[in-house]
Amino acid sequence: MTRFGYTLMTEQSGPRELVRYAVAAERAGFDFLVSSDHYSPWLEEQGHAPHAWTMLGAVAQATERIPFMTYVTCPTMRYHPAVVAQQAATLQILAEGRFTLGLGSGESLNEHVVGAGWPGLDERQDRLEEAIGLIRELFSGKTVSRHGHWYRVDAAKLWDLPREPVPLAVAVSGARSVRRFAELADEMITTDPDAELVRAWHSARSGAPTTRVTGQLPISWDTDRDKAIARAHEQFRWFSGGWDVNSNLPTPAAFAAATQFVRPQDVADSLACGPDLDAIVAAVRPYQDAGFTDLALVQIGDEQQDRFLAEAVGPLLAKLRAADGVNV
């Protein structure tokens, strides 16, 4: 059975609202939470970018049972991997074992801000591989000194380690990244419902147990379909660029320029917009068919989050689980 999650979209809501939505999502019956980790919104219209790790510490205390993960943190530019390891260990203690560390090679939008430039894909993946090794070593509790190709660590030790190990999920986008990271991670994250990619991931793990595969699906629920489309176009037209583009544009202004010719109808054609819950169920099916175990929904825009969580989630989850049960 597929697990269904709720996305804490830091680009479109403030930190206090995000914590409140996390509590409401748990009460509404979602199976897990994911949180973006951004320094900037994709578009100025979204208007937010609070610090994800601070917010998630509050989520850990405000919620009771629901698991959650970063979706995703880049441990190579804006954060040193030793700092990410410390943050993750502390958050796992606060969450009492409910946290998964989701990692990726990052986007220029968030990482260029520290003034270190934005490297090409090969270097980004080299950095990520080295960072994962360092994080794993620190999770062991050892004192670590290392002079690596990208990162230096001098007598670093995590003094507060959780009883429950921190699972590590890695975002991949193609066969090359699957081959590189499948054996370094516990779980897979990817954006497209690509069954071949999922099969390649499991195959590349050399007989290790089948792992969770997590994806994400944006929707724009509203009782008024026209308003749903308008909101999705205003705040989520950036999504049309694809990750090859999205990972390299540096600012919200660049995303605005790149998407200036995207029409509302283009967005409506690619996302489920409006009150029709069956349309959302249909949009979920390709991920289930591709072998995803977990799928996090993104309700686009801050203004309808309360109504979505209070009115739509119960019936929607019932439909999603019923449809998934028929397919089992």
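Moving on to the overall build of the protein. Per the secondary structure count, the protein includes 13 helices and 11 strands. Computed over C-alpha atoms, the radius of gyration of the protein comes to 19 Å, within 12% of the 20 Å expected from 2.2 N^0.38 for 328 residues, which places it in the range of a compact globule. By its C-alpha atoms, the protein is 60 × 45 × 40 Å across when sized along the principal axes. For the protein, contacts bridging at least 24 residues in sequence account for 75% of all contacts bridging at least 6. Accessible surface computed for the protein: about 14100 Å², of which carbon and sulfur atoms make up 50%. Each charge sign in the protein was given a centre, from 30 positive and 42 negative side chains, and these centres are 4 Å apart.

It is worth spelling out the environment of aspartate 186 at this point. Counting through the fold element by element, aspartate 186 comes out in the loop between helix 6 (175–181) and strand 8 (187–189). Classification of aspartate 186 by relative accessible area gives partly exposed; the value is 30%. With 19 residues separating them along the chain, aspartate 186 and proline 167 place their C-alpha atoms 6.0 Å apart. Excluding residues within four positions of it along the chain, aspartate 186 makes contact with Arg136, Val166, Pro167, Leu168, Arg205 and Thr211.

Right, let's get into the side chain of aspartate 294. Looking at the element boundaries, aspartate 294 is found in strand 11 (residues 294–299). There is a polar contact of 2.6 Å between the side chain of aspartate 294 and the side chain of arginine 3. There is a polar contact of 2.7 Å between the side chain of aspartate 294 and the side chain of arginine 212. Beyond its immediate stretch of four places on either side in the chain, aspartate 294 contacts Thr2, Arg3, Phe32, Arg212, Val213, Thr214 and Gly215.

Now for the nonpolar core. Counting residues in each nonpolar core, the largest one holds 74 residues, and the members touching the most others are Tyr6, Leu8, Phe30, Leu33, Phe99, Leu101 and Phe308. When residues of this core are assigned to their parent elements, the largest contribution, 8 residues, is made by helix 13 (residues 305–327). By size, the runner-up hydrophobic cluster in this structure holds 19 residues, among which are Ile229, Val262, Ala268 and Cys273.

Summarising the element assignment, valine 198 is placed in helix 7 (residues 195–204). Leave out the neighbours within four places in its chain, and valine 198 touches Met188, Val213, Ala290, Gly291 and Phe292.

Next up on the list: the environment of alanine 131. When you line up the elements, alanine 131 lands in helix 5 (residues 121–139). Note on alanine 131: relative accessible area 0%, which makes it buried. Ignoring any residue separated from it by four or fewer positions in sequence, one finds alanine 131 in contact with Pro75, Thr76, Pro81 and Tyr151.

Right, let's get into the packing of helix 3 (residues 81–95) against helix 5. The geometry of helix 3 relative to helix 5 is characterised by a closest axis approach of 9 Å and an angle of 45° between their N-to-C directions. One way to sum up the angle between helix 3 and helix 5 is to call them oblique. Considering only the axes of helix 3 and helix 5, their crossing is right-handed. Between helix 3 and helix 5, the residues in contact are Pro81, Ala82, Val84, Ala85, Ala88 and Ala89 and Ala131, Leu134, Ile135, Leu138 and Phe139, respectively. Looking at the contact of helix 3 with helix 5 residue by residue, the classes come out as 11 nonpolar, no polar and no charged.

A word on the pattern of salt bridges. Using the criterion set out here, one finds 20 salt bridges in the structure. Note that arginine 231 is salt-bridged to glutamate 303, the shortest N-O span being 3.9 Å. One end of the pair, arginine 231, is in helix 8 (residues 225–236); the other, glutamate 303, is in the loop between strand 11 and helix 13, with 72 residues separating them in the sequence. If you follow the salt bridges from partner to partner, you end up with Arg3, Arg212 and Asp294 in one network.

Here we take up the packing of helix 2 (residues 52–62) against helix 3. Interaxial distance between helix 2 and helix 3 falls to 8 Å at its minimum, and their mutual angle equals 15°. With respect to helix 3, the axis of helix 2 lies roughly parallel. Regarding helix 2 and helix 3, the two cross each other, and that crossing is right-handed. Contacts between helix 2 and helix 3 involve Trp53, Leu56, Gly57, Ala60 and Gln61 from the first element and Val84, Gln87, Ala88, Leu91, Leu94 and Ala95 from the second. For the contact of helix 2 with helix 3, the residue count by class is 8 nonpolar, 3 polar and no charged.

Looking down a regular strand, the side chains alternate between one sheet face and the other. A large share of strand 11 lies buried, amounting to 6 of its 6 residues. By the alternation rule, side chains of strand 11 split into Asp294, Ala296 and Val298 and Leu295, Leu297 and Gln299, which are all buried. Pairing between strand 1 (residues 3–8) and strand 11: 4 bridges, direction parallel. Of the residues in strand 11, the one forming a bridge with phenylalanine 4 is leucine 295.

Parameters at a glance
Residues numbered from 1 in each chain as written. Predicted model: local features only at pLDDT ≥ 70, side-chain atom pairs only at ≥ 80, totals over all residues. Heavy atoms only, no water. Helix = DSSP H or I, 4+ residues; strand = E, 2+ residues; numbered from the N terminus. Rg over C-alpha atoms; globule rule 2.2 N^0.38 Å. Contact = heavy atoms within 4.5 Å. Areas by Shrake-Rupley, 256 points an atom, 1.4 Å probe, with all protein chains shown as cover. Lys, Arg positive; Asp, Glu negative; His and termini not counted. Charge placed at Lys NZ, Arg CZ, Asp CG, Glu CD. Buried < 20%, exposed > 50% of the residue type's maximum accessible area, 1.4 Å probe, protein only. Polar contact = N/O pair within 3.5 Å; in protein donor to acceptor, adjacent residues only side chain to side chain. Core = buried A, V, L, I, M, F, W, Y, C linked by side-chain atoms within 4.5 Å. Axes fitted to C-alpha atoms, helices over the stretch in contact; angles between N-to-C directions. Parallel < 35°, antiparallel > 145°, perpendicular 65-115°, else oblique. Left-handed = near helix turned anticlockwise from the far one by under 90°. Nonpolar A, V, L, I, M, F, W, Y, C, P; charged D, E, K, R; others polar. Salt bridge = Lys/Arg side-chain N within 4 Å of Asp/Glu carboxyl O. Pairing = 2+ DSSP bridges.

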